[in-house]
Amino acid sequence: TPDLHVLADGVPFVRGENVTLRLGPLGAPILAVIGIPGQVGSTLAINGKPLAASECGERYRHAFFSGDGKHWAIHCYSPTAQFVMVDGRRGRNYSNLPSAIRFTDDGRPVYEASNGNRTFVVVGEEEFGPYEALEWLREPPVLPPGAPPASPIEVRGNRVAFLARPLAA
């Protein structure tokens, strides 16, 4: 299969055999997930430049951007774990990442993660929990097929709120 030549605004951007683009809000970088020919896995490029140490595991699910377009995050999957990559930095390993990634106004990613039956809330580099589960503050939204997952975590400005059920003693 010949390489795809991807152009952004009419200018050569990136080449690859299996390329998926993710566009954020105005002013955000263009994120390209590039399949590695002959290998399971992918690498990332932002604005056409490969990111060092940006192996995203075996596959990825969704890309998320901060409202101001300065930060991005992606759900990544390796054979043994799931993790979030934020601005090119790999986060902790988890067994599941069930929610969307949101950002505080100061650029910290916020998301739900779990290991087995233990649920955590991650805000930037800080991990809260473990909890038995998170509860929705209001009725969960109905999303169309293929849409990024919703999140039971509320983010307003730099504040984060969630309802958590404690682990049984």
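The coordinates are above.
Keep in mind that what you see is a predicted model, and the values were worked out from it rather than measured. (Residues numbered from 1 in each chain as written. Predicted model: local features only at pLDDT ≥ 70, side-chain atom pairs only at ≥ 80, totals over all residues. Heavy atoms only, no water.)

Peer 1: Which residues make up the nonpolar core, and what are the values?
Peer 2: A general feature of soluble globular proteins is that nonpolar side chains tend to end up buried together. One finds Leu31, Leu44, Phe65, Trp72, Ile74, Cys76 and Met85 to be the most contacted residues of the largest nonpolar core, which totals 14 residues. Sorting the residues of this core by element identifies β4 (30-35), β5 (42-46), β7 (59-65), β8 (72-77) and β9 (82-86) as the ones contributing at least two each. When sequence neighbours within four positions are dropped, the list of residues in contact with isoleucine 74 reads Leu31, Val33, Leu44, Cys56, Tyr60, His62, Ala63, Phe83, Val84, Met85 and Ile101. Listed in part, the 13 residues of the second largest apolar core include Phe64, Val86, Ile101 and Tyr111. (Core = buried A, V, L, I, M, F, W, Y, C linked by side-chain atoms within 4.5 Å. Buried < 20%, exposed > 50% of the residue type's maximum accessible area, 1.4 Å probe, protein only. Helix = DSSP H or I, 4+ residues; strand = E, 2+ residues; numbered from the N terminus. Contact = heavy atoms within 4.5 Å.)

Peer 1: Account for unusual backbone geometry, naming residues and giving values.
Peer 2: In this structure, proline 130 follows glycine 129 across a cis peptide bond, with omega equal to 15°. Position of proline 130 relative to the elements: it lies in strand β14 (residues 126-131). In this structure, aspartate 87 takes a positive phi of about 50° despite not being glycine. Here aspartate 87 lies in the loop between β9 and β10 (89-90).

Peer 1: I'd like a description of the environment of proline 149, backed by residues and values.
Peer 2: With respect to the element layout, proline 149 can be found in the loop between β15 (133-135) and β16 (154-156). Taking the C-alpha atoms as reference, proline 149 lies 7.1 Å from proline 98; in sequence the two are 51 residues apart. Those residues in contact with proline 149 that lie beyond four places of it in its chain are His62, Phe64, His75, Pro98, Ser99, Ala100 and Leu143.

Peer 1: I'd like a description of the side chain of glutamine 82, backed by residues and values.
Peer 2: Looking at the element boundaries, glutamine 82 is found in strand β9. Excluding anything up to four places from it in sequence, glutamine 82 contacts Cys76, Tyr77, Arg92, Asn93, Tyr94, Ser95, Asn96 and Leu97.

Peer 1: Could you give an account of the pattern of salt bridges, naming the residues involved and the relevant values?
Peer 2: In this structure the tally under the stated criterion is four salt bridges. A salt bridge links aspartate 106 to arginine 108; the shortest N-O distance between them is 3.0 Å. Taking the relative accessible area as the measure of exposure, arginine 108 reaches 28% and is therefore partly exposed. Measuring nitrogen to oxygen at the nearest pair gives 3.2 Å for the salt bridge that ties arginine 156 to glutamate 154. Accessibility expressed as a relative area gives 15% for glutamate 154, which makes it buried. (Salt bridge = Lys/Arg side-chain N within 4 Å of Asp/Glu carboxyl O.)

Peer 1: Can you explain the pairing of β8? Please cite residues and give values.
Peer 2: Across the six residues of β8, six count as buried, placing the element largely inside the fold. With burial as the criterion, each face of β8 is covered, one bearing Trp72, Ile74 and Cys76 and the other bearing Ala73, His75 and Tyr77. In this sheet, β9 lies alongside β8 in antiparallel orientation, the contact comprising five bridges. Bridging across to β9, tyrosine 77 finds its partner in glutamine 82. Hairpin remark: β8 followed by β9, antiparallel, with four residues in the connecting loop. (Pairing = 2+ DSSP bridges.)

Peer 1: Quick rundown of the packing of aromatic side chains? Include the residues and the values.
Peer 2: A full pass over the atoms with the stated rule returns three aromatic pairs. Their ring planes at 55° and their centres at 6.5 Å tell us that phenylalanine 128 and phenylalanine 162 sit as a pair that is tilted. Of the two residues, phenylalanine 128 sits in strand β14 while phenylalanine 162 sits in the loop between β17 (159-161) and β18 (163-165), which places them 34 residues apart along the sequence. Phenylalanine 162 gets classed as partly exposed once you look at its relative accessible area, which sits at 23%. Taken together through their ring pairs, the aromatic side chains of Phe128, Tyr131 and Phe162 make up a single cluster. (Phe/Tyr/Trp six-rings, centres within 6.5 Å; stacked < 30°, edge-to-face > 60°.)

Peer 1: Provide a residue-level description of the sheet that holds strand β12 (residues 109-115), including the pertinent values.
Peer 2: If you walk across this open sheet you meet the four strands as β11-β12-β13-β14, and the pairing is antiparallel. Of all strands in the sheet, those with a lone pairing partner are β11 (102-103) and β14, marking the two edges.

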